[in-house]
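Chain residues, written in single-letter form:
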Amino acid sequence: MQEAWGYPPTHPAGVYQNDELCVREGEEEDAVTLPPCREGFERLSNRVFVVPADTLQVDIVQELNDAHQMSVAEKNIILLSPSNWDEEAEFTAEVNKAFRVKGGKAGPKFWKGVREAVMKQCATQDMVLLLAQPGPREPTTLLLKNILGAADTKAAADQMVGLKSGKVLAVLVGWSADDVREWQLVQDDPIPEPPPRDDWARRHDPDGLAQYQYQRQAPP
């Protein structure tokens, strides 16, 4: 069985894995017992993950799909290299290229252009931001804040007209989970509560029979 990425302890009686509450040994809880977390793989918020250095892209995508049901593909990955982001010119050039920002020069309108570019891409695809190595905190958090905010804006607008926009995830490779967990954008993006057991069972019904359930009515 595929091991799940770990959730931080958020419940007095256990930890979350695979959207289920895992009970510590010797404790009772109405939850499913799952395999131990894979060392070094952590979900820090709803959309921010940390993985060990040198993790292959195919393994990252597999974990996002198997452990968190994200339904993303390798083609959704946008590779970023934050190690040179101390230089503003290097940072803006890489961001412009990665997100296809038009006329994205450093200045007050730079982030407006980035957000517009992200919202345009979210209309047609999911995005997995792969930060390939640790880099400076300030430009990294500023980039993630603007991109996640743009995705939220697009999702809210699409929902009002009955549409569904693409999701945006951030995977930080080789970063310190303890450091990233302290970022405000991570604390403002909590991991959602796991679904009730009945909902989980319906979503994982291999025969898809749950849709045909109905309540029996008494004969007239």
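Residues numbered from 1 in each chain as written. Predicted model: local features only at pLDDT ≥ 70, side-chain atom pairs only at ≥ 80, totals over all residues. Heavy atoms only, no water.

Engineer: Go over the packing of helix α2 (residues 88-99) against helix α4 (residues 137-160), please, and point to the residues and values.
Structural biologist: Interhelical geometry of α2 versus α4 gives an angle of 30° and a closest axis separation of 12 Å. When the axes of α2 and α4 are compared, the pair comes out roughly parallel. Crossing angle aside, the handedness with which α2 passes α4 is right-handed. Where α2 approaches α4, its residues Phe-91, Val-95 and Phe-99 are matched on the opposing element by Pro-139, Leu-143 and Ile-147. Each residue belonging to the contact of α2 with α4 can be placed in one class, and the counts come to six nonpolar, no polar and no charged. (Axes fitted to C-alpha atoms, helices over the stretch in contact; angles between N-to-C directions. Helix = DSSP H or I, 4+ residues; strand = E, 2+ residues; numbered from the N terminus. Parallel < 35°, antiparallel > 145°, perpendicular 65-115°, else oblique. Left-handed = near helix turned anticlockwise from the far one by under 90°. Contact = heavy atoms within 4.5 Å. Nonpolar A, V, L, I, M, F, W, Y, C, P; charged D, E, K, R; others polar.)

Engineer: An account of the sheet that holds strand β5 (residues 77-80) is needed here, citing residue identities and associated values.
Structural biologist: Within a sheet, neighbouring strands are paired by backbone hydrogen bonds and run either parallel or antiparallel to one another. One open sheet holds the five strands; their spatial order is β3-β4-β7-β6-β5, and the pairing between them is mixed. The open sheet is flanked by β3 (42-43) and β5, the only strands paired with a single partner. In the packing of helix α1 (residues 57-68) onto the sheet, contacts are made with β3, β4 (48-51), β5, β6 (127-131) and β7 (168-173), and the angle to β7 comes to roughly 130°. (Pairing = 2+ DSSP bridges.)

Engineer: Got a sec to walk through α4? Specific residues and values, please.
Structural biologist: Between its first and last C-alpha, α4 extends 35 Å over 24 residues, near the 34 Å set by a 1.5 Å rise per residue. As for α4, its buried residues are in contact with β5, α2, α3 (110-122), β6, β7 and α6 (184-187). Where α4 terminates, the next one or two residues include Gly-162, which has phi positive at roughly 80°. (Expected span 1.5 Å × (residues − 1).)

Engineer: Quick one: what's the story with a nonpolar patch on the surface, residue by residue and with numbers?
Structural biologist: A cluster of nonpolar side chains, namely Met-160, Val-161 and Leu-163, defines an oily patch on the protein surface of about 380 Å² accessible area. Assignment of secondary structure puts Val-161 in the loop between α4 and β7. (Patch = residues over 30% accessible without salt bridge, like charges linked within 9 Å, V, L, I, M, F, W, Y side chains within 5 Å. Areas by Shrake-Rupley, 256 points an atom, 1.4 Å probe, with all protein chains shown as cover. Salt bridge = Lys/Arg side-chain N within 4 Å of Asp/Glu carboxyl O.)

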